[in-house]
Amino acid sequence: MALIDVERHEIRQQMMDDLQRALKKPMNKRHWAMVIDQAKCVGCTACTTACVAENHLPPGVVYRPVIEEEVGKYPNVRKSFLPRPCMQCDDPPCVKVCPAHATWKRPDGIVEINYNRCIGCRYCIGACPYSARTFDKGFFYTDGTPEIMDYEKEPSFEYGKEWPRKNRESSPIGNARKCTYCIHRVEKGILPACVTTCIGDATYFGDRNDPKSLVAKLLGSPRARKLKEEEGTKPTTTYLV
Amino acid sequence: MKSTIKILVWVLAVIGFGVGLYGMFLRITTGDRLADYGSYIPWGLWVAFYIYFIGLSAGSFLLSTLVYVARIEKLEKIGKLALFTAFGCLIAALLSIWMDLGHMARVGNVLLHMNLDSMMSWMGILYSSYFGIIIIELWFALRGDLVETAKTGRGGSKALARLLSFGSTDDSAAARAADHAKLRVLGIIGVPLAIAFHGGVGALFGVIQARPHWNTPLMPITFLIGALASGGALLTAVVYIWGPDESKEKLNDIMKFLGQIVLALVLFDFLLEISEFLIGLYSVAPAERLPLEAILHGHFWYVFWIVHFLFGVVIPVIILFAKAVPKGRPDKPAGGAIAFACLLVAVTFIAVRFNIVIPAQINPEIPGLQYAFGGPGLKYTYLPTAMEWLVSIWVTSFAVLLFLIGEKLLPIVKSEHREVA
Ligand code: SF4
Ligand code: SF4
C-alpha cells in the first residue's frame with residue numbers, strides 16, 4: 001500500500017528541494033524535523049554505520065542505534081525496528097539541567113552542544129528520557145594495536161566546526177554527545193547521512209514549517225507518533241507506526 | 001584506647017593517601033577510560049561518594065547550630081569540632097564531584113555560565129556560599145583561641161595561630177562574647193543554607209523525570225534526614241575520640257544525648273525507606289520496580305542487606321537502644337559503645353548513597369537499547385573499577401588527614417572556654 005503519494009525515486013529529489021527552499025529562509029523561520037517510517041525500516045543499521053562514519057564517532061559513542069523488538073509468538077513472529085536519533089525535543093530536559101548553558105535549543109529546532117563549554121558532568125545524559133546522549137571517554141578503535149590510525153584522528157564537523165581527535169583530552173572527548181541531524185551537512189544543502197544511506201527510504205528529513213515539504217505532509221499522517229509523548233518533551237523526531 | 005584509635009586512623013589515612021595516589025595518577029593520565037560508568041549508566045561511585053560526604057557535612061553543620069544557635073549547654077564544647085568535621089567532609093565532597101567531571105579544568109563554567117534552571121548550577125552557588133560561611137564561622141569560633149595560642153603557644157601551632165589570627169589580638173572575654181554573637185548570626189544564616197543545599201542535592205536527583213526512581217518529591221526530605229542521621233552519627237563518633245577531655249559523667253551525658261538524636265534520626269530515615277520500598281514495589285512499571293528489586297535481590301543485594309540494613313540499622317539501633325536510652329546509672333560508661341554504633345551508621349551510609357545513585361540507572365529507557373549497539377559504556381551494568389575505588393580512597397584519606405592535621409595544629413578542641421554564653 002502506498003502510504004503517501006510519492007513515487008520512490010521522487011522522495012530524495014523532493015527532500016533536496018525542500019532543503020533548498022528552507023535554507024533560503026532565515027534560520028528562525030525553519031524548523032528541521034525527521035520522520036521515520038517503522039513500516040519501511042528493515043533493520044539493516046546502514047544509518048547507524050553511516051552516522052558513525054560521518055561524525056567520526058569513537059567506541060562507546062552512538063547517535064542512532066536501531067533497536068530491535070520481536071513481536072508475537074512463533075509462527076506469528078514479526079520484528080519491528082526503532083531507529084533512535086536525538087528527538088530534538090521542543091521542551092528538552094537535557095537543556096534544562098545543564099549547569100553550564102553548554103547545550104541549548106536553536107531557533108531552527110536543533111538541540112546543540114557547545115563542546116568547548118561542556119564540563120562533562122553527564123547530568124544531561126541521565127536526564128534524557130531516550131538515552132540519546134552518550135559520553136565520549138576518549139577511546140579509539142585502534143586502541144591496543146601498535147598505532148592509533150590517522151583516520152581516527154581526523155576531525156568531525158559537528159555544528160559546522162572542526163573537532164579533531166589529536167589527543168585524548170580535547171573536546172569532544174570528555175563531553176556528552178548526541179545526534180545533530182547532521183546540521184553541518186544540512187546547512188550546506190545535503191541531507192543527513194542516515195537519510196541518504198537508508199536502503200528502505202524509511203527516514204525523511206525537512207522543514208516542518210514549510211507546509212509543502214515532505215515531512216510536513218507526513219507529520220499529518222494518522223500513523224504519526226512521538227516516542228514517549230507522555231514525558232512532555234515534545235519530540236521533533238516523529239515515527240510512522 | 002582513644003589514643004590507639006587515633007593512631008589507627010592516622011595510619012589508615014596515610015596508607016589510603018599513598019595507595020590512592022596511584023588511582024589519582026591513573027585518573028589524571030587516562031581520564032575516564034578506566035572508569036566503569038559511561039553512557040547508559042552515566043553516574044557511578046564518585047557521585048555516590050559526593051552525596052555521601054556532602055550529607056555528612058550538612059549533618060554535622062546542622063548539629064553545630066545546636067551549639068551556636070540553639071545554645072544547648074551540654075554541647076558547648078563541641079561546636080568547633082562539628083564545624084571542622086563539616087569542613088573536612090565538604091572538601092571531600094567537592095573533590096569527589098570534581099574528579100567526576102569529564103573536563104575538570106572547566107568546573108568554573110558552573111558559575112561563569114550559570115543556568116538557574118539547573119539544580120547543578122544552584123549547587124555551585126550554594127556550595128560557594130556554604131564554603132564561605134563555614135570558613136567565616138570557623139574563624140570566629142577559633143579566633144579567641146588562636147589569639148591566645150599566638151601569645152602563649154609554642155612551635156608550629158604558635159606560628160600558624162599567629163598567621164591565622166590575621167592580626168587580631170584581642171582575646172578578652174568581651175571580644176569572645178562578641179564572636180559568639182556573630183557566630184549566632186552566621187549559624188542562623190547557615191541553617192536555611194544547609195537545608196537548601198542538601199535538600200537541593202536531593203532535588204538534583206528528584207527533578208530527573210526520566211528516572212522514576214529518583215523522580216519523587218520526597219527526595220529532598222530523604223536527603224536531609226539521611227544527612228542529619230549520617231552526619232550526626234559521624235560527629236558523635238568524632239566527639240568521642242577527638243572531643244574535649246571531660247569528666248566521665250559529662251562525656252557520658254554528651255554521648256547519650258547525641259546517641260539519642262542519632263537513634264531517632266536513623267529510625268526516621270528507615271521509616272522513609274520502608275515507605276519508599278512499599279510504594280515502589282506495589283507498582284508494576286519496570287522503571288519503578290526494577291531499581292528496588294535490584295537493591296533487594298540483585299547482584300549487589302548485600303550492599304543493602306548486610307552493609308546497610310544489618311550494620312547500618314539493626315546493630316546500631318540495638319546498641320543505641322541499650323546504651324543511649326536508659327536513664328539512671330549515669331556512672332556506667334556507655335560512650336564507647338555509642339561511638340561504635342554511630343561509627344557504624346556513618347560508615348555504612350555510603351551503601352545508602354550507592355543505592356540511590358546506581359540502581360535508578362539500570363533500567364533501559366528504551367527496552368533493548370543495550371543490544372542495539374555495543375561499545376564501552378553502552379551497558380546497563382555497573383561495577384566500580386579499581387581506579388574508581390582508589391580515587392575515592394585518596395579523596396577520603398585526604399579529607400581525614402586534613403582533619404587530623406587541623407585538629408593537631410588548630411585549637412579545635414580547647415576546653416577552657418565556654419562557647420555558650
Ligand atoms: S532526545 Fe534527549 S538529547 Fe535529544 S533533545 Fe530530547 S532530551 Fe535532549
Ligand atoms: S555533560 Fe555537558 S552538556 Fe551535559 S549537562 Fe553536563 S555540561 Fe551540560
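The structure presented is a predicted model; accordingly, all values stated were derived computationally and were not measured.

## Details of the overall build of chain B
Within chain B, the secondary structure is distributed over 14 helices and zero strands. Its helices and strands in sequence order give chain B the pattern α-α-α-α-α-α-α-α-α-α-α-α-α-α, from N to C terminus. In summary, chain B has a C-alpha radius of gyration of 22 Å against a globular reference of 22 Å for 421 residues, a match within 12%. Its C-alpha atoms give chain B principal-axis dimensions of roughly 70 × 50 × 40 Å. For chain B, the accessible surface area stands at approximately 17200 Å², while carbon and sulfur atoms represent 73% of it. Averaging the locations of the 31 positively and 27 negatively charged side chains of chain B gives two centres separated by 7 Å.

## A few points about the nonpolar core
The biggest cluster of nonpolar side chains holds 192 residues, and the ones touching the most others in it are Trp32, Tyr123 and Phe205 of chain A together with Trp43, Val201 and Phe205 of chain B. Element by element, the count of residues in this core is highest for helix α2 (residues 45–68) of chain B, at 17 residues. The contacts of Tyr123 of chain A, once residues within four sequence positions are left out, are Val97 of chain A together with Trp43, Ser118, Met119, Met120, Leu204, Val207 and Ile208 of chain B. Residues Phe277, Leu292, Ile295 and Leu296 of chain B belong to the second largest nonpolar core, which totals five residues.

## Remarks on the packing of aromatic side chains
A complete count under the given rule lists 35 aromatic pairs over all chains for this structure. Their ring planes at 90° and their centres at 6.1 Å tell us that Phe49 of chain B and Tyr52 of chain B sit as a pair that is edge-to-face. One end of the pair, Phe49 of chain B, and the other, Tyr52 of chain B, are both in helix α2, three residues apart, so they sit about a helical turn from each other. A relative accessible area of 10% places Phe49 of chain B in the buried class. The class of Tyr52 of chain B is buried, set by a relative accessible area of 8%. For the pair Phe300 of chain B and Tyr302 of chain B, a centre-to-centre distance of 6.4 Å together with 75° between the ring planes defines the contact as edge-to-face. Its relative accessible area of 37% is what places Tyr302 of chain B among the partly exposed residues. These aromatic residues form a ring-pair network of at least three members: Tyr123 of chain A together with Trp43, Phe205, Trp214 and Phe223 of chain B. The ring of Phe140 of chain A carries the charged tip of Arg165 of chain A above its face, separated from the ring centre by 5.3 Å.

## Brief notes about the site of ligand 2
In the vicinity of ligand 2, the contacting residues are Cys98, Pro99, Cys118, Ile119, Gly120, Cys121, Arg122, Cys124, Arg133 and Ala176 of chain A. Here the residues of the shell around ligand 2 are counted per class, giving seven nonpolar, one polar and two charged.

## A closer look at the pairing of strand β2 (residues 66–71) of chain A
All names here are of chain A. Relative to strand β3 (residues 78–83), β2 runs antiparallel, the two being bridged by six bridges. Paired with Glu68 across the strands is Phe81, a residue of β3. Counted between consecutive antiparallel strands, the loop separating β2 from β3 contains six residues, among which Gly72 sits at a positive phi close to 85°.

## Let's talk about the side chain of Ser156 of chain A
All names here are of chain A. Relative to the helices and strands, Ser156 is located in the loop between β6 (134–135) and β7 (176–177). Overall, Ser156 belongs to the buried group, its relative accessible area being 2%. One polar contact links Ser156 to Glu158, side chain to side chain, over a distance of 3.0 Å. For Ser156, the residues in contact, after removing those within four places along its chain, are Asn55, His56, Lys161, Glu162, Trp163 and Arg177.

## Digging into the site of ligand 1
The environment of ligand 1 is formed by 14 residues, the closest being Cys86, Met87, Cys89, Cys94 and Cys128 of chain A. Taken together, the residues of the shell around ligand 1 sort by class into 11 nonpolar, one polar and two charged.

## Digging into the interface of chain A and chain B
Every contact between the two is made by 51 residues of chain A and, on the other side, 42 residues of chain B. Here chain A packs against chain B, burying approximately 3700 Å² in sum over the two surfaces, 57% of which is carbon and sulfur. Looking only at chain A, the three residues that lose the most surface to chain B are Arg122, Tyr123 and Lys137 of chain A, adding up to 20% of its buried area. Where chain A touches chain B, the interface holds one salt bridge. For the salt bridge of Arg122 of chain A with Asp100 of chain B, the shortest nitrogen-to-oxygen distance reads 2.8 Å. Scanning the region where chain A abuts chain B turns up 30 residue pairs in polar contact (both at pLDDT 80 or more). Broken down by secondary-structure element, the contributors of at least two residues to the side of chain A that touches chain B are α2 (46–54), β2, α3 (93–97), α4 (123–127) and β6 of chain A. In terms of residue count, α4 of chain A provides more of the side of chain A that touches chain B than any other element does, four residues in total. By residue class, the composition of the side of chain A that touches chain B is 28 nonpolar, 13 polar and 10 charged.

## Topic: the environment of Lys256 of chain B
Counting through the fold element by element, Lys256 of chain B comes out in helix α9 (residues 248–282). In this structure, the C-alpha to C-alpha distance between Lys256 of chain B and Ser3 of chain B, residues 253 residues apart in sequence, is 21 Å.

## Details of the packing of α2 of chain B against helix α5 (residues 119–152) of chain B
Residues and elements named next belong to chain B. Contact geometry for α2 and α5: axes closest at 13 Å, N-to-C directions at 45°. In terms of orientation, α2 and α5 fall into the oblique class. Of the two possible hands of crossing, α2 and α5 adopt the one that is left-handed. Judged by residue contacts, Tyr50, Ile54, Ser57, Ala58, Phe61 and Tyr68 of α2 engage Met123, Tyr127, Tyr130, Ile133, Ile134, Glu137 and Ala141 from α5. Within the contact of α2 with α5, the residues separate by chemical class into 11 nonpolar, one polar and one charged.

## Some words on unusual backbone geometry
Residues and elements named next belong to chain A. Omega for the peptide link from Tyr74 to Pro75 comes to 5°, which places this bond in the cis form. The omega torsion of the bond from Ser171 to Pro172 falls at 10°, within 30 degrees of zero and hence cis. Tracing the backbone through its elements, the reader meets Pro172 in the loop between β6 and β7. Despite not being glycine, Arg122 shows a phi value in the positive range, around 70°. Its location among the elements puts Arg122 in the loop between β5 (111–113) and α4.

## As for the pattern of salt bridges
A side chain of one charge can pair with a side chain of the opposite charge when the charged atoms of the two come close. Under the criterion given, the structure shown has 29 salt bridges over all chains. A salt bridge links Asp37 of chain A to Arg223 of chain A, with the shortest nitrogen-to-oxygen separation between them at 2.7 Å. Highlighted residues: Asp37 of chain A in strand β1 (residues 32–37) and Arg223 of chain A in the loop between α7 (214–219) and β9 (224–225), separated in sequence by 186 residues. Note that Arg143 of chain B is salt-bridged to Asp179 of chain B, the shortest N-O span being 2.8 Å.

## Comments concerning the packing of helix α8 (residues 219–242) of chain B against helix α12 (residues 335–357) of chain B
All names here are of chain B. At a minimum axis distance of 8 Å, the contact between α8 and α12 shows a crossing angle of 145°. α12 is crossed by α8, and the crossing has left-handed handedness. Listed contacts from α12 to Met219, Phe223, Gly226, Ala227, Ala229, Ser230, Ala233, Leu234, Thr236, Ala237 and Tyr240 of α8 are Gly335, Gly336, Ile338, Ala339, Cys342, Leu343, Val345, Ala346, Phe349, Arg353 and Ile356. In terms of residue class, the contact of α8 with α12 is built from 16 nonpolar, five polar and one charged.

Definitions and limits used
- Starting afresh in each chain, residues are numbered from 1 along the sequence in its written order.
- By the order in which they are written, chains take letters starting at A while ligands take numbers starting at 1.
- It should be noted that, the model being predicted, local features are given only for residues of pLDDT at least 70 and side-chain atom pairs only at 80 or more, the latter also being counted only at that level, while totals for whole chains, interfaces and linings use all residues.
- Processing note: side-chain calculations cover all non-hydrogen atoms of the structure and skip hydrogens and water entirely.
- Secondary structure elements are defined from DSSP: runs of H or I of at least 4 residues count as helices, runs of E of at least 2 residues count as strands, and each element is numbered from the N terminus.
- Each radius of gyration is computed over the set of C-alpha atoms, and the globule rule expresses the reference value as 2.2 Å times the number of residues to the power 0.38.
- Here the Shrake-Rupley method, with its probe set to 1.4 Å, supplies the accessible areas, and only the displayed protein chains count as covering residues.
- For this count, His and the chain ends are skipped, Lys and Arg are scored as positive, and Asp and Glu as negative.
- Every charge is mapped to an atom, namely NZ of Lys, CZ of Arg, CG of Asp or CD of Glu.
- By convention a nonpolar core is built from buried Ala, Val, Leu, Ile, Met, Phe, Trp, Tyr and Cys residues, the set being connected through side-chain atoms within 4.5 Å.
- Three labels apply to residues, based on accessible area from a 1.4 Å probe with only protein chains included: buried if under 20% of the type maximum, exposed if over 50%, partly exposed otherwise in between.
- The criterion used for residue contact is that any of the two residues' heavy atoms lie within 4.5 Å.
- Think of it this way: a Phe, Tyr or Trp ring, Trp meaning its six-membered ring, pairs with another when their centres are within 6.5 Å, and the plane angle makes it stacked under 30 degrees, edge-to-face over 60, tilted otherwise.
- To sit over a ring, a charge needs its Lys NZ or Arg CZ within 6 Å of the ring centre and within 35 degrees of the ring normal.
- Note on definitions. A residue lies near a molecule or strand when any single heavy atom of the residue is within 4 Å of it.
- All amino acids are sorted into three groups, where Ala, Val, Leu, Ile, Met, Phe, Trp, Tyr, Cys and Pro are nonpolar, Asp, Glu, Lys and Arg are charged, and the leftover types, Gly among them, are polar.
- Here the rule is simple: two strands pair whenever DSSP picks up at least two bridges between them.
- Each polar contact in these results corresponds to two N or O atoms within 3.5 Å; when the atoms are within protein, one needs to be able to donate a hydrogen and the other to accept it, and residues that are neighboring in sequence are counted only if both atoms are side-chain atoms.
- Take the accessible area each of two parts loses on contact, using a 1.4 Å probe, and add the two losses: that sum is the buried area.
- What makes a salt bridge here is a side-chain nitrogen of Lys or Arg within 4 Å of a carboxyl oxygen of Asp or Glu, nothing more.
- Axis lines are fitted to C-alpha atoms, over the contacting stretch for helices. Their N-to-C directions set the angle, which ranges from 0 to 180 degrees.
- Any angle that is under 35 degrees is reported as roughly parallel, and any over 145 degrees as roughly antiparallel; angles of 65 to 115 degrees are reported as roughly perpendicular and all others as oblique.
- By definition, any crossing whose near helix is turned counterclockwise from its far helix by less than a right angle is left-handed, and any crossing with a clockwise turn is right-handed.

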